[in-house]
Amino acid sequence: QVQLVESGGGLVQAGDSLRLSCAASGRTFSPYAMGWFRQAPGKEREFVGGISRFGTNTDYPDSVKGRFTISRDNGKNTVYLQMNSLKPEDTATYYCAASSTYRDYAPTGRDQYDYWGQGTQVTVSS
């Protein structure tokens, strides 16, 4: 199994920045494609960023493109989500996830991920 632990969430004002971290442990002898998702009350869990196994490819939805950046450090088994120019609509619980795909691409769908972290809360006030 792979265990994922997110950190870095908090309460910030609109326009502020946060960096979320996701540390992986367990069966991490080979890198996984990684993704970040968020879920607000009453809404579906939505994709906010993905990165391929070796960091070659990334993908973002239009809602965060230009503001969020996903990166990874395979030597530390850690993936990051840098969030800039935060808006109140970014308020949600943020989850990281790992995909066991063998291809070097960034999955975007919830069903493409096999392991999930516990989530970290991000609240953006206006």
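Bear in mind the structure is a predicted one, so any value in this text is a computation, not a measurement.

Peer 1: Could you give an account of the environment of Ala 24, with specific residues and numbers?
Peer 2: Tracing the backbone through its elements, the reader meets Ala 24 in strand β3 (residues 18-26). Using a relative accessible area of 18% as the deciding quantity, one classes Ala 24 as buried. Between the alpha carbons of Ala 24 and Val 5 there is a distance of 6.7 Å; along the sequence they are 19 residues apart. Filtering out sequence-adjacent residues up to four positions away, Ala 24 remains in contact with Val 2, Gln 3, Leu 4 and Asn 77.

Peer 1: Tell me about the sheet that holds strand β8 (residues 78-83), and name the residues and values.
Peer 2: The antiparallel open sheet is built from four strands, whose spatial order is β1-β3-β8-β7. Across the chains shown, the open sheet's two edge strands, defined by having one partner strand only, are β1 (2-7) and β7 (68-73). Taken over all neighbouring pairs, the strand axes of this sheet differ in orientation by 15 degrees on average, direction set aside. Across six bridges, the pairing between β3 and β8 is antiparallel. Its bridge partner being in β8, Leu 20 is matched across the sheet by Leu 81.

Peer 1: Account for the packing of aromatic side chains, naming residues and giving values.
Peer 2: Each aromatic ring pair is summarised here by two numbers: the centre-to-centre distance and the angle between the ring planes. All told, the structure shown has five aromatic pairs when counted by the stated rule. Taking the ring centre of Tyr 95 as reference, the NZ or CZ of Arg 45 above it sits at 3.8 Å. Seen from the ring of Trp 116, Arg 45 lies directly overhead, with NZ or CZ sitting 4.9 Å from the centre.

Peer 1: Account for the state of the cysteines, with residues named and values stated.
Peer 2: One pass over the full model with this rule turns up one disulfide. A sulfur-sulfur separation of 1.9 Å characterises the disulfide bridge that pairs Cys 22 with Cys 96. Measuring the twist about the S-S bond at about 45 degrees, one finds the Cys 22-Cys 96 disulfide to be right-handed. Residue Cys 22 is found in strand β3, and its partner Cys 96 is found in strand β9 (residues 92-99); the two are separated by 74 residues along the sequence. For the pair Cys 22 and Cys 96, a shared accessibility class is recorded, and that class is buried.

Peer 1: Pulling in residues and values, what's your account of unusual backbone geometry?
Peer 2: Its identity is not glycine, yet Asn 77 carries a phi of approximately 50 degrees, on the positive side. Looking at where Asn 77 falls in the secondary structure, it is placed in the loop between β7 and β8. Of the residues examined, Asn 77 reaches a relative accessible area of 29% and is grouped as partly exposed. Here the phi dihedral of Ser 85 falls at roughly 50 degrees; this positive angle occurs in a residue that is not glycine. Of the residues examined, Ser 85 reaches a relative accessible area of 42% and is grouped as partly exposed.

Peer 1: Please give an account of the side chain of Arg 38 that cites residues and values.
Peer 2: Note that Arg 38 resides in strand β4 (residues 33-39). In terms of polar contacts, Arg 38 uses its side chain to reach the side chain of Asp 90, at 2.9 Å. Arg 38 has contacts with Glu 44, Arg 45, Glu 46, Val 48, Ser 63, Val 64, Phe 68, Glu 89, Asp 90, Ala 92, Thr 93 and Tyr 94, leaving out every residue within four places of it along the chain.

Each value, and the rule that gives it
Residues numbered from 1 in each chain as written. Predicted model: local features only at pLDDT ≥ 70, side-chain atom pairs only at ≥ 80, totals over all residues. Heavy atoms only, no water. Helix = DSSP H or I, 4+ residues; strand = E, 2+ residues; numbered from the N terminus. Buried < 20%, exposed > 50% of the residue type's maximum accessible area, 1.4 Å probe, protein only. Contact = heavy atoms within 4.5 Å. Pairing = 2+ DSSP bridges. Axes fitted to C-alpha atoms, helices over the stretch in contact; angles between N-to-C directions. Phe/Tyr/Trp six-rings, centres within 6.5 Å; stacked < 30°, edge-to-face > 60°. Lys NZ or Arg CZ within 6 Å of the ring centre and 35° of its normal. Disulfide = S-S within 2.5 Å. Polar contact = N/O pair within 3.5 Å; in protein donor to acceptor, adjacent residues only side chain to side chain.

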